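Reading the structure
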Amino acid sequence: MQTNTDKGSARAELLPVAAGAAVGIAATGAALTLADFDSPLRAPFTLFFLVAAPAAAVGSALRGLDAAVRIVLGVAGALALDLLVAQTMLALHLWSVHGGVAAVGLLSLLMLAPALLGRARRPGRGLAEPRKSGGGC
């Protein structure tokens, strides 16, 4: 029989697995589109990439907020970025599917870079270590 603490630890262990699966699906969608590979998974995986990549980048910039708020703002920011890229490419008469996916991927990577560099500069804190609060007894 499982207790509530067992369920919580099982959820905590599944989070990295779910994140890895999401990254794999998004990367597969981008690769299928950029390689122009004809597959029935191309459209849904690419759509997932176009929402998940910018949402993760925006969410990583909003570290101080609650998780639910970060998810909502990340998805809203992802849709805004997708629309901005599409409208800019259309206005410049440069629209292509490959270019759109590449532009969204590049902009997402540029937005994610400060968060990744910030983590790289703070050695000594592993994924499982909690943050230490300043001061106190």
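Fair warning: this is a prediction, and the values are worked out from it, not measured in the lab.

**A word on the side chain of Asp82**
Position of Asp82 among the secondary structure elements: in helix 3 (residues 67-91). Despite its burial, Asp82 remains without a salt bridge, the nearest opposite charge being carried by Arg42 at 15 Å. Not counting residues up to four positions away in its chain, the partners in contact with Asp82 are Leu50, Val51, Pro54 and Val104.

**Side note on the environment of Ile25**
Position of Ile25 among the secondary structure elements: in helix 1 (residues 4-34). Residues Ile25 and Leu41 lie 16 residues apart in sequence; the distance between their C-alpha atoms is 9.7 Å. Residues within four places of Ile25 in sequence aside, it is in contact with Phe45 and Phe48.

**A few points about the pattern of salt bridges**
Evaluation of the coordinates by the stated rule reveals one salt bridge. In this structure, the salt-bridge partner of Arg42 is Asp36, at a minimum N-O distance of 3.2 Å. Overall, the relative accessible area of 19% leaves Arg42 in the buried class.

**Considering unusual backbone geometry**
One non-glycine residue, Asp36, lies in positive phi territory at about 55°. Take Asp36: it is sitting in the loop between helix 1 and helix 2 (42-61). A relative accessible area of 48% means that Asp36 is categorised as partly exposed. Located in the positive-phi region is His93, a residue other than glycine, with phi close to 55°. Within the fold, His93 resides in the loop between helix 3 and helix 4 (97-121).

**Points about the packing of helix 3 against helix 4**
Between helix 3 and helix 4, whose axes approach to 10 Å, the crossing angle comes to 130°. Considering the angle they form, helix 3 stands oblique to helix 4. Here helix 3 and helix 4 pass one another in a crossing that is right-handed. Facing Leu81, Asp82, Val85 and Met89 of helix 3, the residues of helix 4 in contact are Gly99, Gly100, Ala103, Val104, Leu107, Ser108 and Met111. Taken together, the residues of the contact of helix 3 with helix 4 break down into seven nonpolar, three polar and one charged.

**Points about the packing of helix 2 against helix 4**
Packing of helix 2 against helix 4 brings their axes to within 8 Å, and their N-to-C directions diverge by 20°. As summarised for this structure, helix 2 and helix 4 are arranged roughly parallel, according to the angle between their axes. Handedness of the helix 2/helix 4 crossing: left-handed. Residue-level inspection shows Thr46, Phe49, Leu50, Ala53, Pro54, Ala56, Ala57, Val58 and Ser60 of helix 2 in contact with helix 4, the latter providing Val101, Val104, Gly105, Ser108, Met111, Leu112 and Ala115. Within the contact of helix 2 with helix 4, the residues separate by chemical class into twelve nonpolar, four polar and no charged.

How each quantity is defined
- Residues numbered from 1 in each chain as written.
- Predicted model: local features only at pLDDT ≥ 70, side-chain atom pairs only at ≥ 80, totals over all residues.
- Heavy atoms only, no water.
- Helix = DSSP H or I, 4+ residues; strand = E, 2+ residues; numbered from the N terminus.
- Buried < 20%, exposed > 50% of the residue type's maximum accessible area, 1.4 Å probe, protein only.
- Lys, Arg positive; Asp, Glu negative; His and termini not counted.
- Salt bridge = Lys/Arg side-chain N within 4 Å of Asp/Glu carboxyl O.
- Contact = heavy atoms within 4.5 Å.
- Axes fitted to C-alpha atoms, helices over the stretch in contact; angles between N-to-C directions.
- Parallel < 35°, antiparallel > 145°, perpendicular 65-115°, else oblique.
- Left-handed = near helix turned anticlockwise from the far one by under 90°.
- Nonpolar A, V, L, I, M, F, W, Y, C, P; charged D, E, K, R; others polar.

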